[in-house]
Amino acid sequence: MVKLNLVCPAALAEQLVEYLLESEWLDGGFTSLATHGHGGDFMGASPREKVRGRVQSLTVVAILPTGNVTALLEALRGRFRNPHLVWWTEPVLGFGDFA
């Protein structure tokens, strides 16, 4: 299992969430969080975001089988060519619920 983290600009958030909801690679669903990005590239930031020093964004966290990661990332890259949509993965040592 792998934890996939995606961070995208607020302007892209709805499109990304809709795409992920229909994704065949995320059977277990995902969590989305309103976040702020600090530092990095402020291209496309509003004047208010530039003054505040942070950009509104959305972070998506999903736990998925290791074998699904490459296919999902390729699909996302094909659909969302955007340098401000970033991702990283982390190994998951355990995952479950308390049912």
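Keep in mind that this is a model prediction, so the values were computed, not measured.

**What about the pattern of salt bridges?**
Opposite charge on two side chains permits pairing when their charged atoms draw close. Counted under the stated rule, the structure contains one salt bridge. Its salt-bridge partner being E90, residue K3 comes within 3.9 Å of it at the nearest N-O pair. With a gap of 87 residues between them, K3 in strand β1 (residues 2–9) and E90 in strand β4 (residues 86–91) connect regions that are remote in the sequence.

**Some details on helix α1 (residues 10–21)**
Across its 12 residues, α1 extends 17 Å between first and last C-alpha, which sits within 8% of the 16 Å expected from 1.5 Å per residue. Within the sequence span of α1, burial applies to L12, A13, L16, V17 and L20. Taken end-on, α1 shows its buried residues confined to a sector of 140°, consistent with a single buried face. What points out from α1, more than 90 degrees from its buried face, is the exposed set A11 and E14.

**What about the packing of α1 against helix α3 (residues 66–79)?**
Two numbers describe how α1 lies on α3: the axes approach to 12 Å, and their chain directions differ by 140°. Here α3 runs oblique to α1, going by the angle between their axes. Crossing of α1 against α3: the hand is right-handed. Across the interface between the two elements, L16, Y19 and L20 from α1 touch L72, A75, L76 and R79 from α3. Of the residues in the contact of α1 with α3, the class split is six nonpolar, no polar and one charged.

**Remarks on the environment of L58**
Relative to the helices and strands, L58 is located in strand β3 (residues 54–64). According to the relative accessible area criterion, L58 is buried, its value standing at 11%. A C-alpha to C-alpha distance of 5.9 Å links L58 and A10, two positions 48 residues apart in sequence. Once you skip the residues sitting within four places of it in the chain, L58 turns out to touch L6, V7, C8, A13, V17, S32, L33, A34 and T35.

**Quick word on a nonpolar patch on the surface**
The grouping of V86, W87 and W88 at the surface amounts to a nonpolar patch, some 290 Å² of accessible area in total. Here W88 shows up in strand β4. Judged by its relative accessible area of 39%, W88 is partly exposed.

**Re the environment of W87**
Of note, W87 is situated in strand β4. Here the alpha-carbon distance between W87 and T59, two residues 28 residues apart in the chain, equals 9.5 Å. Once residues lying within four places of it in the same chain are set aside, the contact partners of W87 are L4, N5, L6, L73 and R77.

Rules used in this analysis
Residues numbered from 1 in each chain as written. Predicted model: local features only at pLDDT ≥ 70, side-chain atom pairs only at ≥ 80, totals over all residues. Heavy atoms only, no water. Salt bridge = Lys/Arg side-chain N within 4 Å of Asp/Glu carboxyl O. Helix = DSSP H or I, 4+ residues; strand = E, 2+ residues; numbered from the N terminus. Expected span 1.5 Å × (residues − 1). Buried < 20%, exposed > 50% of the residue type's maximum accessible area, 1.4 Å probe, protein only. Arc of directions from axis to C-beta. Axes fitted to C-alpha atoms, helices over the stretch in contact; angles between N-to-C directions. Parallel < 35°, antiparallel > 145°, perpendicular 65-115°, else oblique. Left-handed = near helix turned anticlockwise from the far one by under 90°. Contact = heavy atoms within 4.5 Å. Nonpolar A, V, L, I, M, F, W, Y, C, P; charged D, E, K, R; others polar. Patch = residues over 30% accessible without salt bridge, like charges linked within 9 Å, V, L, I, M, F, W, Y side chains within 5 Å. Areas by Shrake-Rupley, 256 points an atom, 1.4 Å probe, with all protein chains shown as cover.

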